[in-house]
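# Tertiary structure, described
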Amino acid sequence: MNYLLKNLNVFHQNAFRKADILISDGIVAAMGSGLFVGGDAAVFDFKGAAALPGLIDPHVHLREPGFAYKETIRAGTLAAAHGGYTAVCAMPNLKPVPDTLEHLNVQLNIISRDAAVTVAPYGSITRGEGGGELSDMAALAPYVAGFSDDGRGVQSEALMRRAMETAKSLGKPIVAHAEDESLLQKGWAVHDGAYARAHGLTGNDPESEWRQVERDLELVRETGCAYHVCHVSTKETVGLVRLAKFEGLDVTCETGPHYLTLTDEDLQDDGRFRMNPPIRSEADRDALIEGLCDGTVDMIATDHAPHAKEEKSGGLARSLNGIVGLECAFPVLYTKLVRGRITSLERLVELMSIAPARRFGLPGGRIQPGERANLAIFDLEHEFTIDSSKFLSLGRSTPFDGWRVYGRCLMTVADGSIVWRDDHD
Ligand code: DOR
């Protein structure tokens, strides 16, 4: 099948230029002005919309196998396509946990049957994500983007050292959910700050995050392992990662749209505002933005973590941790960061596509003649209201519901196929 995508503003080699794109049998066959094809090509006129390399999310929860009542690989990847994503990395807090090849195969089979976009799973670091012994890392390595126990920190320093030594020998990164449980109060609901005090809620101490990152960076120094920090939320973590990079360690990190655009002053007593780590203080948010601008923060991940409605309807105190993000991340970030003049669109593309492709060896990250087409087309002038009832994800909880934003995704082409098309006009 041939597709001719006309009148685009194409991101190519870190700049935008006006061009048409011809996709032939899944490959970007030509890029230039005034392209035309005869025969069976489907022609779309995008009237100046932006064609970006497909977005890549290094941190999502697709919930299958094990928790299909929260999300499925089908619904989660359709949601990804709807948001402009062409590849995602799936976290291993599943049932079974992908800690052996046999367990991973259960997940890989569903992916090959149902996924609308590329899904690269993470293998777990420890068996059952239990923190007691290592997973079968060597057997998993050829099939995974890296190793993570996301949802829980690895509490044992000795085990984390062995995990890093093993990951290093296998050439895979450790992707750390950093959380020192000894520094956490049971029953925390929000950041340990002004909102927690004013509303009598138990707070989550930021030290629980950064102390474990500090410990891990010492282990990275010892082992030389490639290390990626998940959902950075504190100013101290930003400082630690900045220094580690300066030192030359192989360290990268991600933060989420909610940590960049909200503070605990924005909290509402609604499960939509509850996630782990929690939305923190203004000083933390500002440090993350600074880190994003100076290159300390490498990429933005949504931590798309869908739950069933009942699991998110207990307000801040009694809802489960996790919000969805795939279907609103780009418009929120484009509106706040790019239109808000904090960073450039080129940098946003780096954060949301190029950097994760590079770090995790995923397809995409560029629109290049001769390569398979992985791209997303956005109308950057289209203003709309985020309406979670229109999401394709089974999860609906997002703090961005009702926000007025710019940047509507008109089409997503993943691995050469059209996986999302807005047929609004
Ligand atoms: O909010 C979160 N939800 N944070 C995590 O670390 C895990 C995730 C989930 O799996 O629901």
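The residue numbers shown here count from 1 along each chain, following its written sequence. Totals for whole chains, interfaces and linings use all residues, but because this is a predicted model, local features are given only for residues with pLDDT of at least 70 and pairs of side-chain atoms are given and counted only at 80 or more. Remark: hydrogens and water are excluded; side-chain values derive from all non-hydrogen atoms of the structure.

## Looking at the site of the ligand
Near the ligand you find 14 residues, and of these Arg63, Asn93, His177, Asn276 and His307 are the closest. Within the contact set of the ligand, a nitrogen atom lies 2.8 Å away from a backbone nitrogen or oxygen of asparagine 276. Between the ligand and the protein, one listed contact pairs a nitrogen atom with a backbone N or O atom of asparagine 321 at 3.2 Å. Residue classes in the shell around the ligand are distributed as two nonpolar, nine polar and three charged. Near, as used in this document, describes a residue that has one of its heavy atoms within 4 Å of the molecule or strand being considered. Think of a polar contact as two N or O atoms within 3.5 Å of one another; within protein, one of them needs to be a possible hydrogen donor and the other a possible acceptor, and neighboring residues in sequence only count if both atoms come from side chains. Put simply, Ala, Val, Leu, Ile, Met, Phe, Trp, Tyr, Cys and Pro go in the nonpolar bin, Asp, Glu, Lys and Arg in the charged bin, and everything else, Gly too, in the polar bin.

## Things to note about the sheet that holds strand S7 (residues 118-121)
In a beta sheet, neighbouring strands are held together by backbone hydrogen bonds and run either parallel or antiparallel to one another. Pairing within the open sheet is parallel, and its three strands lie in the order S5-S6-S7. The outermost strands of the open sheet, each flanked by one partner alone, are strand S5 (55-60) and S7. Strand-to-strand twist in this sheet, taken as the mean axis angle between neighbours without regard to direction, amounts to 20°. Contact definition: two residues touch when any of their heavy atoms are within 4.5 Å. Every axis in this analysis is a line fitted to C-alpha atoms, fitted for helices over the stretch in contact. Angles between the N-to-C directions lie between 0 and 180 degrees. The way it works is that DSSP assigns letters per residue, a run of H or I at least four long becomes a helix, a run of E at least two long becomes a strand, and they are numbered from the N terminus. Contacts from helix H12 (residues 345-360) reach S5 and strand S6 (85-90), with the element oriented near 60° to S5. Pairing between strands is defined by DSSP: at least two bridges between the two strands are required.

## A word on unusual backbone geometry
For the peptide bond that leads from lysine 95 to proline 96, omega is 0°, which places it in the cis range. As for its placement among the helices and strands, proline 96 is situated in the loop between S6 and helix H2 (101-114). Residue proline 277 follows asparagine 276 across a cis peptide bond; omega there is 0°. By the secondary structure assignment, proline 277 is in the loop between helix H8 (257-261) and helix H9 (282-294). Look at asparagine 14: it is not a glycine, yet its phi comes out positive at around 65°. Here asparagine 14 shows up in the loop between strand S1 (2-12) and strand S2 (15-24). Only protein chains enter the accessibility calculation, which uses a 1.4 Å probe; a residue is then buried when its area is under 20% of its type maximum, exposed when over 50%, and partly exposed in between. The class for asparagine 14 is partly exposed, based on a relative accessible area of 48%.

## A short note on the environment of tryptophan 403
Tracing the sequence through the fold places tryptophan 403 in the loop between strand S14 (375-385) and strand S15 (404-414). Not counting residues up to four positions away in its chain, the partners in contact with tryptophan 403 are Thr261, Leu262, Val332, Lys336, Phe384, Thr385 and Ile386.

## Quick notes on the packing of aromatic side chains
Note on aromatic contacts: the rings of Phe and Tyr and the six-membered ring of Trp form a pair at centre separations within 6.5 Å, being stacked when their planes are under 30 degrees apart, edge-to-face when over 60 apart, and tilted otherwise. According to the stated counting rule, one finds six aromatic pairs in the structure shown. Arranged with centres 5.8 Å apart and planes meeting at 5°, the rings of phenylalanine 330 and tyrosine 334 form a pair that is stacked. With phenylalanine 330 and tyrosine 334 both in helix H11 (residues 329-338) and four residues apart, this pair spans about one turn of that helix. Just as phenylalanine 330 is buried, tyrosine 334 falls in that class too. Plain terms: the ring middles of phenylalanine 400 and tryptophan 403 are 4.7 Å apart, the flat faces sit at 80° to each other, and that makes the pair edge-to-face. Relative accessible area serves as the criterion here: at 21%, tryptophan 403 is assigned to the partly exposed category. Of note, arginine 274 hangs over the ring of tryptophan 188, and the distance from its end group to the ring centre comes to 5.4 Å. Two conditions define a charge sitting above a ring: the NZ of Lys or the CZ of Arg must be within 6 Å of the ring centre, and it must be within 35 degrees of the ring normal.

## Re empty space enclosed by the protein
Using only the protein atoms, space was sampled on a 1 Å grid; points where a 1.4 Å probe fits but cannot get out form cavities, open sets with protein on both sides within 12 Å along at least five of seven lines form pockets, and lining residues are those with an atom within 4 Å of a point. Grid points are joined across faces, edges and corners, and a volume is the space filled by probe spheres set on the points. In this structure the tally under the stated criterion is three cavities of 30 Å³ or more. Considered as a void within the structure, the largest cavity measures approximately 60 Å³ in volume. Residue composition of the lining of the largest cavity, by class: two nonpolar, five polar and three charged. Volume-wise, the second largest cavity comes out at about 50 Å³. What lines the second largest cavity is simply Pro257, His258, Thr302, Ile323, Val324, Gly325, Cys328, Ala329 and Phe400. Looking at the lining of the second largest cavity, its residues break down into six nonpolar, three polar and no charged.

## Points about the pattern of salt bridges
By convention in these notes, a salt bridge is any Lys or Arg side-chain nitrogen within 4 Å of a carboxyl oxygen on Asp or Glu. Applying the stated rule across the entire model yields 25 salt bridges. Notably, a salt bridge pairs arginine 211 with glutamate 207, separated by 2.7 Å at the nearest N-O pair. Residue arginine 211 and its partner glutamate 207 are both found in helix H6 (residues 207-223); the two are separated by four residues, about one turn of the helix. Taking the relative accessible area as the measure of exposure, glutamate 207 reaches 24% and is therefore partly exposed. A salt bridge links arginine 221 to glutamate 247; its shortest N-O distance comes to 2.6 Å.

## So, the sheet that holds strand S13 (residues 299-300)
Spatially, the four strands line up as an open sheet ordered S8-S11-S12-S13, and their pairing is parallel. Taken across any chain shown, the strands that pair with only one partner, and hence form the sheet edges, are strand S8 (174-176) and S13. With three bridges joining them, strand S11 (residues 227-229) and strand S12 (residues 251-255) adopt parallel strand pairing. Looking across to S12, one finds that histidine 228 is bridged to threonine 252. Each of S8, S11 and S12 is contacted by H6, which is oriented at about 170° to S11, the strand it contacts most.

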